[in-house]
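Structural features, examined
Residues per chain are reported as follows:
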Amino acid sequence: MGNKRFMQNAVTGWMVPHGEHADIVMSTRIRLARNLREFRFPIAFSDEQAEEVGEIVSEALLSEVEKGYSYTRMKELPQLDRQVLVEKHLISPQLADAEQFGSVFLSEDETISVMVNEEDHLRIQCIYPGLQLENAYQKANETDSALEKKLPYAFDEEFGYLTSCPSNTGTGMRASVMLHLPALTITRQINRIIPAVSRLGMVVRGSYGEGSEAPGNVYQVSNQLTLGKSENEILAELANIVSRLIAHERRSRELLLEKSRIALENRVFRSLGTISYARLLPSAEAARCLSDVRLGIDLELIEDVEMSILNELMIFMQSGFLQHYEGEELTSEELDISRAKLFRERLKNGPSKADEQTDRP
Amino acid sequence: MLCENCKERQASVILMQDTQNGPIERNLCEKCAFNLQTFSISPNQEPMSIQQFLSQWLSGSESLHQQTREVQKMPECPECGLTFHRFLEIGKFGCPTCYETFRERLPKVFGKLHNGNTNHKGKIPASFNEKMTIKKKIEELRTNMQEAIQEEQFEQAAVLRDEIKDWKQKLAAEIEEGGSAHGE
Ligand SMILES: [Zn+2]
Ligand SMILES: [Zn+2]
């Protein structure tokens, strides 16, 4: 079935649960902002400079660093394909908007992406499944070190890596971890935790960016400071906060099971029913139900659904993906129909029932 | 919301503009917000007033007034034309040289944004690293030399002095090779 093939191509490295605490931590992302010394930042550069930056970076990346990067210019990529890359978290929405001179280099396994001419000349990103701050940093750092041999970076002894936005100056590093925190959300403890975390120099927000509430109870925790602390200090502090959040979440889950097992089971199985059989599935409902089912699997209330399907469905439920999957633009009702259909197929035909890797001709 | 000016990119900066009918809000993308000052588009474009970034970063109204009064003598980046005033409005630098241009004022801005921190601590690109290692070495040797002099070990001090001279030459060579953006 053609759809299955689409799914397999659509699944990218970080969606397959792996790494520490993969039940709670969905993914780890490191982003390094870098700029070339002799050029204005993208906010102010001329078209000629933009072209030149693109050429210099692609020469360095394609010839020297590593073979196997694919190179895509935003202006040559249809809007919908760009949206899919955003939904897979491989490029930022801002790069998708940078129609004229933005481009992206993607490693074969899609764990490394280098965005060119986004807010900065270079944004090196590494995304891994589960909690892997050190590994992800190591990989991003390797790419950065290989590039800095070829590229004259804008760097200052006092201020560190010079970036367009002063909130990135210094290490230029943003480390973030995506966490599924349903029990902290259900018990409303998250409202007390978010301000406490921000006092520690970290930010918590819904996974789809600033100001968004958390659809599917997925939160992103990241460092706020980039000056005055080394990369390793930042990573250690973030790891510390994340591990405390995980411990909190686990305790709350146990408590929920203990105090209100039936209510919890009821909620989890109703949600499983909804995503398995619904004919119309609006995105907010889909996100909420996925969160419940995920929790149900973690707590071993649900045993016959594979966890890996859930990370995928979190991504596939978005509108860019659905339209790509159907091969056409969809109205919002058509999206809800398509989403319901995809969920039904995926939950019946997923890897738990048929072993796709070996069975297929 | 799309930028009012180019109608292409997402608007991400709100600039307050004073007009005869009172202040109006303009929703612009960062690029247009930046460009509107450097290459003023319409002739009746009035200077835009200080916006959210400034109030966030330089809290208290006295510094706000002070900043406004100082606008005239504020430095302007020779490379991209950004003024410090405009930097505070749009919250972005235009080029690496901006950092050099606004160097004295930046610790205050960074302090606000980075919890009091104003100095980089962390990775250094290899080309810069070499130079900084040498500088650290020279500092260390100088301290040792001072100690030797205090303890009246003048022979030892002379040896250290020569060593410092050697390192200084190496440092000069390193800078020659184009290690630094702002050579000393
Ligand atoms: Zn614009
Ligand atoms: Zn400048």
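About the cut-offs
Residues numbered from 1 in each chain as written. Chains lettered and ligands numbered in written order. Predicted model: local features only at pLDDT ≥ 70, side-chain atom pairs only at ≥ 80, totals over all residues. Heavy atoms only, no water. UniProt positions renumbered as here; feature names shortened; annotations may be inferred. Core = buried A, V, L, I, M, F, W, Y, C linked by side-chain atoms within 4.5 Å. Buried < 20%, exposed > 50% of the residue type's maximum accessible area, 1.4 Å probe, protein only. Helix = DSSP H or I, 4+ residues; strand = E, 2+ residues; numbered from the N terminus. Donors = N, O, S within 2.8 Å, 3.2 Å for Na, K, Ca; no water. Tetrahedral: all angles 85-135°; square planar, octahedral: opposite > 155°, others 65-115°. Contact = heavy atoms within 4.5 Å. Buried area = accessible area lost by both parts, 1.4 Å probe. Salt bridge = Lys/Arg side-chain N within 4 Å of Asp/Glu carboxyl O. Polar contact = N/O pair within 3.5 Å; in protein donor to acceptor, adjacent residues only side chain to side chain. Nonpolar A, V, L, I, M, F, W, Y, C, P; charged D, E, K, R; others polar.

- The name recorded for chain B in an unreviewed UniProt entry is UvrB/UvrC motif-containing protein, from Sporosarcina jeotgali.

- The name that an unreviewed UniProt entry assigns to chain A is Protein-arginine kinase, with the source organism given as Sporosarcina jeotgali.
- Regarding chain A, the relevant UniProt record gives this comment under Catalytic activity (unreviewed entry): "L-arginyl-[protein] + ATP = N(omega)-phospho-L-arginyl-[protein] + ADP + H(+)".
- On record in UniProt, under Function (unreviewed entry), the comment for chain A is "Catalyzes the specific phosphorylation of arginine residues in proteins."

1. Thoughts on the nonpolar core
- In this structure, Ile91(A), Ile275(A), Leu290(A), Leu313(A) and Phe343(A) are the most contacted members of the largest nonpolar core, which totals 55 residues.
- Listed by contribution, the elements that provide at least two residues to this core are helix H3 (79–87), helix H4 (93–97), strand E3 (103–106), helix H8 (231–277), helix H9 (283–298), helix H10 (307–316), helix H11 (319–326) and helix H12 (332–349) of chain A.

2. Regarding the coordination of the zinc ion (ligand 1)
Residues and elements named next belong to chain B.
- Those donors, Cys-3 (SG), Cys-6 (SG), Cys-29 (SG) and Cys-32 (SG), are the protein atoms that reach the zinc ion (ligand 1), and they lie 2.2 to 2.4 Å from it.
- Every donor counted, the four donor atoms about the zinc ion (ligand 1) form angles of 97 to 116 degrees at the centre, which fits tetrahedral coordination.
- Counting gaps between the donor residues of the zinc ion (ligand 1) yields the pattern C-x2-C-x22-C-x2-C. Remark: Cys-32 occurs in helix H1 (residues 30–38) and Cys-3 occurs in the segment before strand E1 (13–19); sequence separation between them is 29 residues. For the pair Cys-3 and Cys-32, a shared accessibility class is recorded, and that class is buried.

3. Digging into the UniProt feature "domain: UVR" (unreviewed entry) in chain B
- UniProt marks residues 135–170 of chain B with the feature "domain: UVR" (unreviewed entry), using the numbering shown here.
- Along residues 135–170 of chain B, the helical share is 92% and the strand share 0%, with 10 Å between the first and last C-alpha atoms.

4. Regarding the interface of chain A and chain B
- If you look at the interface, chain A gives 46 residues, while chain B gives 44 residues.
- Buried surface at the junction of chain A and chain B, summed over both partners, amounts to about 3800 Å²; 56% is from carbon and sulfur atoms.
- A per-residue breakdown of the area chain A buries against chain B is headed by Ile43(A), Phe155(A) and Glu157(A), which together make up 20% of the total.
- Residue Glu233(A) is joined to Lys121(B) by a salt bridge in which the shortest nitrogen-to-oxygen separation is 3.0 Å.
- The tally of links between chain A and chain B comes to 24 residue pairs in polar contact (both at pLDDT 80 or more).
- Listed by contribution, the elements that provide at least two residues to the side of chain A that touches chain B are H4, helix H5 (133–148), strand E6 (155–156), strand E7 (160–161) and H8 of chain A.
- Ranked by residues supplied to the side of chain A that touches chain B, first place goes to H5(A) with five residues.
- Split into classes, the residues belonging to the side of chain A that touches chain B amount to 18 nonpolar, 15 polar and 13 charged.

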